[in-house]
Amino acid sequence: MLNTVRNSCRIPHMVNTTVQRRHFIEAGRKSRVTKPSCGDIPQPKEPINLASPASAKPLIKYSDAFIKHGYSKGDIYLHPEFIDTEEHDLLVRSCNKKLRRLANNYEQGHFDKRIHNYRECTVSAWLPNKLGVAGHIAKAMGHHIDEDPIDLPDRAPTKKSSGWSSIGKHDGQIRHILERVWGLFPPHLAWLPPHILDLHEDGEILPHIDNPEYSGFVVGGLCLLGSAVSTFKHANDPSIRVDVLLPPGSLYFMTNHIRYQFTHEITANPEQRAWGGQPIPKAHRISLMFRDAKEPVGGWGSALTTGCATTTMASAKSDHGI
Ligand SMILES: O=C(O)CCC(=O)C(=O)O
Ligand SMILES: [Fe+2]
């Protein structure tokens, strides 16, 4: 059943368009910043309450203007040690393997020039059926969702599991790590396949807001290899700002106002790449990005008829289920 949903949702000409949808260039509109209300921000069906552990405190800096305008600290989540060293190294090896196959060369400029010197791909094999868009559509239509064939961590890939014959040896183990990420959120969220973004030591991500048409209420990343400073600035008033130090092994999420009204960036600017007076040297970094899919107005059950699912299922340099 799931394959039917998958196939009927996939419109071939839409594959490879995700990158073009992902970024929204902030054109520097000016308007008065008032006390935040959720007025024009799409709200999730159930509240999302992420509480950063106490160890995150020294790694997040809110500007005075952020506090003064009444923005919520809860719109940024940070867990500085979400994975241990062994999990970190496994993820780095596996990301590199996927990147070698799907996006071997670094690209100099993103189409909208917001990212320089990067490689990226999505990995649908790391997203369990039940958590993705196809699983949510199948459930809304009252269909049984098959268990994924690679749910067990150490199960060797088997040629018998049709459609999954090229599952990597460690994909099951990785899913178990990533399920801890998705498990932080209410089950109504449908997830897009994780997106690997490899930023070269000389790469950078300029300020942008992720395209609100492409994905939903939460955007986050599991940070691997080098440390980075991520800066979130209100699109109309850059003094309303949050700086976050992202060490390897950390997990962060932006939601609500920060997801929709603040730009984010990973700067190469040495003045901005500093923490507590110490420089944070430029370094090769991989982020494994997580985004929820934008649910169609009529719910997932209406996705096949409205065609909304095509938007959320098309993928950049898709690994086509690998
Ligand atoms: O690497 C990160 O943490 C952020 C990446 C990003 O902004 C994006 O993929 O849109
Ligand atoms: Fe982004």
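Residues numbered from 1 in each chain as written. Chains lettered and ligands numbered in written order. Predicted model: local features only at pLDDT ≥ 70, side-chain atom pairs only at ≥ 80, totals over all residues. Heavy atoms only, no water.

Per an unreviewed UniProt entry, the chain goes by the name Fe2OG dioxygenase domain-containing protein and belongs to Coemansia reversa. Per UniProt, the comment on the chain under Sequence similarities (unreviewed entry) is "Belongs to the iron/ascorbate-dependent oxidoreductase family." (UniProt positions renumbered as here; feature names shortened; annotations may be inferred.)

Trainee: Please clarify how the site of ligand 1 should be interpreted in this entry.
Mentor: For ligand 1, the set of nearby residues contains 13 residues, the closest of which are Tyr252, His264, Arg285, Ser287 and Arg291. At 3.0 Å, a side-chain N or O of histidine 264 approaches an oxygen atom of ligand 1. Contact between ligand 1 and arginine 285: an oxygen atom at 2.9 Å from a side-chain N or O atom of the residue. Look at ligand 1: alone it shows 300 Å² of surface, and the protein chains cover 99% of it. With five residues, strand 6 (residues 195-210) is the single largest residue contributor to the shell around ligand 1. Taken together, the residues of the shell around ligand 1 sort by class into four nonpolar, five polar and four charged. (Near = heavy atom within 4 Å. Polar contact = N/O pair within 3.5 Å; in protein donor to acceptor, adjacent residues only side chain to side chain. Areas by Shrake-Rupley, 256 points an atom, 1.4 Å probe, with all protein chains shown as cover. Helix = DSSP H or I, 4+ residues; strand = E, 2+ residues; numbered from the N terminus. Nonpolar A, V, L, I, M, F, W, Y, C, P; charged D, E, K, R; others polar.)

Trainee: Before we go on, may I ask you to explain the coordination of the iron ion (ligand 2) in this structure?
Mentor: For a metal bound by four donors in a tetrahedral arrangement, the ideal donor-metal-donor angle is 109.5 degrees, while six donors in an octahedral arrangement ideally sit at 90 or 180 degrees. At this site the iron ion (ligand 2) is bound by His208 (NE2), Asp210 (OD) and His264 (NE2), with donor distances of 2.1 Å. One chain supplies every donor to the iron ion (ligand 2), and in sequence these donors are spaced H-x1-D-x53-H. Accessibility assignment for this pair places histidine 208 and aspartate 210 in one class, buried. (Donors = N, O, S within 2.8 Å, 3.2 Å for Na, K, Ca; no water. Buried < 20%, exposed > 50% of the residue type's maximum accessible area, 1.4 Å probe, protein only.)

Trainee: Is there a simple way to explain the packing of aromatic side chains in this structure?
Mentor: Two numbers describe a pair of aromatic rings. These are the distance of the centres and the angle of the planes. Across all of its chains, the model carries 11 aromatic pairs by this definition. For the pair phenylalanine 185 and tryptophan 191, a centre-to-centre distance of 5.1 Å together with 65° between the ring planes defines the contact as edge-to-face. Accessibility assignment for this pair places phenylalanine 185 and tryptophan 191 in one class, buried. Here the aromatic rings of phenylalanine 232 and tyrosine 252 are separated by 6.5 Å at their centres, their planes lie at 65°, and the arrangement is edge-to-face. Of the two residues, phenylalanine 232 sits in strand 8 (residues 228-234) while tyrosine 252 sits in strand 10 (residues 251-255), which places them 20 residues apart along the sequence. A relative accessible area of 1% means that phenylalanine 232 is categorised as buried. Lying over the aromatic face of tyrosine 260, arginine 259 brings its terminal NZ or CZ to 4.5 Å of the ring centre. (Phe/Tyr/Trp six-rings, centres within 6.5 Å; stacked < 30°, edge-to-face > 60°. Lys NZ or Arg CZ within 6 Å of the ring centre and 35° of its normal.)

Trainee: Can you help me understand the pattern of salt bridges in this one?
Mentor: Two side chains of opposite charge can pair, provided their charged atoms sit close to one another. Counted by the stated rule, this structure contains 10 salt bridges. Glutamate 87 is paired through a salt bridge with arginine 180; the nearest N and O atoms lie 2.9 Å apart. Here glutamate 87 is found in helix 4 (residues 85-102), whereas its partner arginine 180 is found in helix 6 (residues 171-182), with 93 residues between them in sequence. Given a relative accessible area of 18%, glutamate 87 falls into the buried group. On the accessibility criterion, arginine 180 (35% relative accessible area) is partly exposed. (Salt bridge = Lys/Arg side-chain N within 4 Å of Asp/Glu carboxyl O.)

Trainee: When you look at the state of the cysteines in this model, what are you seeing that I'm missing?
Mentor: As used in these notes, a disulfide is a covalent bond between sulfur atoms, one from each of two cysteines. For the structure shown, the criterion picks out zero disulfides. Residue cysteine 95 stays outside any disulfide, its sulfur separated by 7.7 Å from that of cysteine 121, the closest cysteine. Cysteine 95 gets classed as buried once you look at its relative accessible area, which sits at 0%. (Disulfide = S-S within 2.5 Å.)

Trainee: Where do I start with the environment of lysine 233 in this structure?
Mentor: By the element assignment, lysine 233 lies in strand 8. Owing to a relative accessible area of 18%, lysine 233 belongs among the buried residues under this scheme. Separated by 25 residues in sequence, lysine 233 and isoleucine 258 have C-alpha atoms that sit 8.2 Å apart. Contact partners of lysine 233, with chain neighbours within four places excluded, come to Pro238, Ile240, Arg241, Gln261, Phe262, Thr263 and Glu265. (Contact = heavy atoms within 4.5 Å.)

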